[in-house]
Amino acid sequence: DVITANLFSELLIEALPRWRVVIRRRGKLVLSGIMRHQEQSVVDALERNVYRAIVIRRRGKWIAILAEPESKTRLKSKLRRLRSRSLLAA
């Protein structure tokens, strides 16, 4: 599966949870239309929605991101890290 989207970053971020439901484990997202100053918010949203950015391309003020769903192994590891951080912060 491949989903391509050339949208404003706010719309991309809003759509990520919906795409997570329909995309297969080895599927890919190709996201573009992202301004350079919005890169971190999109990458953070990808992580919150259990994707990982594989490639980020920058050209001028624009960026494009190739992302994929996190594997179950990486997801479990990430959950352990998040839990330990929240325990340390408490």
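The structure presented is a predicted model; accordingly, all values stated were derived computationally and were not measured.

Undergrad: Sorry if this is basic, but what is going on with the overall build of the protein here?
TA: A tally of helices and strands in the protein yields three helices and four strands. Each helix and strand of the protein, ordered N terminal to C terminal, gives the series β-α-β-α-β-β-α. Across the 90 residues in the protein, those meeting the buried criterion constitute 31%. The contacts of the protein with a sequence gap of at least 6 include a subset with a gap of at least 24, amounting to 56%. Carbon and sulfur atoms form 55% of the exposed surface of the protein, whose accessible area is close to 6400 Å².

Undergrad: Please explain the nonpolar core as it appears in this structure.
TA: Soluble globular proteins tend to bury their nonpolar side chains together. Counting 18 residues, the largest nonpolar core has W19, L29, L31, L46 and I65 as its most contacted members. Every element with two or more residues in this core is listed here: β1 (2–6), α1 (9–22), β2 (28–35), α2 (39–48) and β4 (62–69). Every residue in contact with L46, bar those within four places of it in the chain, is listed here: L16, L29, L31, Y51, A53, I65 and A67.

Undergrad: How should α1 be read in this particular structure?
TA: Count 3.6 residues to each turn of an α-helix, and residues three or four apart come out pointing the same way. Its 14 residues place the ends of α1 20 Å apart at the C-alpha level, agreeing with the 20 Å of an ideal helix rising 1.5 Å per residue. Taken as a whole, α1 carries its principal kink of about 40° at L16; the proline P17 stands between one and four residues after it. Listed as buried for α1 are S9, L12, A15, L16 and W19.

Undergrad: Quick question: what am I supposed to make of the environment of R57 here?
TA: As for its position among the elements, R57 is in strand β3 (residues 51–59). C-alpha of R57 to C-alpha of S32: the two residues are 25 residues apart in sequence and 9.4 Å apart in space. Ignoring sequence-local partners within four residues, the contact set of R57 consists of W62, I63 and A64.

Rules used throughout
- Residues numbered from 1 in each chain as written.
- Predicted model: local features only at pLDDT ≥ 70, side-chain atom pairs only at ≥ 80, totals over all residues.
- Heavy atoms only, no water.
- Helix = DSSP H or I, 4+ residues; strand = E, 2+ residues; numbered from the N terminus.
- Buried < 20%, exposed > 50% of the residue type's maximum accessible area, 1.4 Å probe, protein only.
- Contact = heavy atoms within 4.5 Å.
- Areas by Shrake-Rupley, 256 points an atom, 1.4 Å probe, with all protein chains shown as cover.
- Core = buried A, V, L, I, M, F, W, Y, C linked by side-chain atoms within 4.5 Å.
- Expected span 1.5 Å × (residues − 1).
- Bend = angle between axes of the 7 residues up to and from the residue.

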